[in-house]
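# Architecture at a glance
For reference, the chains in residue letters:
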Amino acid sequence: MTSTPSATRPFRVADLGTLVVMPWSGEAPDGSDMPYLLAYSLGDTAEGPEGTAVAVARLLTDNGMPVGGDVVDGTERPGLPFTLLVQSGAAVLNMPGLNAQCLPPREWLAAVEQRGYAYLVLTTRAWPEAVPGRAVTPDQLAAFAGAHETLTAAAHIVLPARSLRG
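Residues numbered from 1 in each chain as written. Predicted model: local features only at pLDDT ≥ 70, side-chain atom pairs only at ≥ 80, totals over all residues. Heavy atoms only, no water.

### With respect to the nonpolar core
Stated precisely, the cut-off is as follows: Put simply, a nonpolar core is a bunch of buried Ala, Val, Leu, Ile, Met, Phe, Trp, Tyr and Cys residues held in one set by side-chain atoms that sit within 4.5 Å of each other. Throughout this description, buried means an accessible area under 20% of the type-specific maximum (1.4 Å probe, protein chains only), exposed means over 50%, and partly exposed covers the range between. Segments assigned H or I by DSSP are reported as helices when at least four residues long, segments assigned E as strands when at least two residues long, and all are numbered from the N terminus. The contact definition used throughout considers only heavy atoms, calling two residues in contact when any of these lie within 4.5 Å.
Among the nonpolar cores identified, the biggest contains 29 residues, and Phe-82, Met-95 and Ile-157 are the most heavily contacted of them. A total of 4 residues in this core trace back to one element, the largest contributor, which is helix 1 (residues 48–62). Ignoring anything within four residues of it in the chain, the contact list for Ile-157 reads Met-65, Val-72, Leu-80, Phe-82, Ala-118, Tyr-119 and Leu-120. Formed by 17 residues, the second largest nonpolar core is a distinct cluster that contains Met-22, Tyr-36, Phe-144 and Val-158.

### With respect to helix 1
Note the cut-off: Any helix carries an expected span of 1.5 Å times its number of residues minus one.
For helix 1, which comprises 15 residues, the first-to-last C-alpha distance of 21 Å matches the rise-based estimate of 21 Å (1.5 Å per residue) to within 8%. Listing the buried residues of helix 1 in full gives Gly-48, Gly-51, Thr-52, Ala-55, Val-56, Leu-59 and Leu-60. Close packing links the buried residues of helix 1 with strand 2 (33–41), strand 5 (90–95), strand 7 (117–123) and strand 8 (154–162). Trailing helix 1 by a residue or two, Gly-64 shows a phi angle of about 75 degrees, which is positive.

### Thoughts on the pairing of strand 6 (residues 98–102)
The following threshold applies: Between any two strands, pairing holds if DSSP finds at least two bridges.
Burial along strand 6 is one-sided: the residues Leu-98, Ala-100 and Cys-102 are buried and none of Asn-99 and Gln-101 is. Here 5 bridges tie strand 5 to strand 6, and the two strands are oriented antiparallel to one another. Bridged to Asn-94 within strand 6 is Asn-99. Between strand 5 and strand 6, which pair antiparallel and follow one another directly, the connecting turn spans 2 residues, one of which, Gly-97, has a positive phi of 90 degrees.

### Overview of the packing of aromatic side chains
Selection rule: Pairing of aromatic side chains requires ring centres within 6.5 Å, counting the rings of Phe and Tyr and the six-membered ring of Trp. Pairs whose planes differ by under 30 degrees are stacked, by over 60 edge-to-face, and all others tilted.
Taken as a whole and assessed by the stated rule, the structure comprises 5 aromatic pairs. A ring pair is formed by Tyr-36 and Tyr-119, whose centres lie 5.9 Å apart and whose planes are at 65 degrees; its orientation type is edge-to-face. With a gap of 83 residues between them, Tyr-36 in strand 2 and Tyr-119 in strand 7 connect regions that are remote in the sequence. Like Tyr-36, the residue Tyr-119 is buried in the burial classification.

### Some thoughts on unusual backbone geometry
For Ser-88, which is not glycine, the phi dihedral falls at a positive 55 degrees. Looking at where Ser-88 falls in the secondary structure, it is placed in the loop between strand 4 (83–87) and strand 5. Exposure remark for Ser-88: the relative accessible area of 74% places this residue in the exposed category.

### Here's the deal with the pairing of strand 2
Among the 9 residues of strand 2, 8 are classified as buried, and the element is accordingly described as predominantly covered. By the bridge criterion, 9 bridges tie strand 1 (residues 19–27) to strand 2 in an arrangement that is antiparallel. The residue of strand 2 that forms the bridge with Ser-25 is Pro-35. Hairpin connection from strand 1 to strand 2: 5 residues lie between these consecutive antiparallel strands, with Gly-31 at a positive phi of about 95 degrees. Two elements, strand 2 and strand 7, share 4 bridges in a ladder whose sense is parallel. Within the sheet, the bridge partner assigned to Leu-37 lies in strand 7 and is Leu-120.

See the structure below:
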């Protein structure tokens, strides 16, 4: 009798659960604002946070993004499968098989316009408490986004900000 290992199961976007993208900006070591994007799952599938962690990790590794590794500089990799479109006050994160949109604050938009890129932290760690429509305090964001468990379970990608040309 033979069986198919689960590792060869096709990737299904639904296995990610609800994927949330949260924008914020903060002072960088050079003294100017850095536009950040935090992308995470709510962990809301039948397999729970453990299952969504596996799915997010697979999305990343199947597309050459290291989890917990070095920063991937998309400004030097034009064929990167993750892209960022900033247009009409919205940010759209495009990933293989899906995209996620958010409405960043003015400070984020100004920072991305100045720098020409944003820093994406796409973590396998679920954050079920941070659901869309419910306010997250700066302290809650700092605690989750800055946690060792979040950062080491994430791909870190510098994404050039593209816009539609008219």
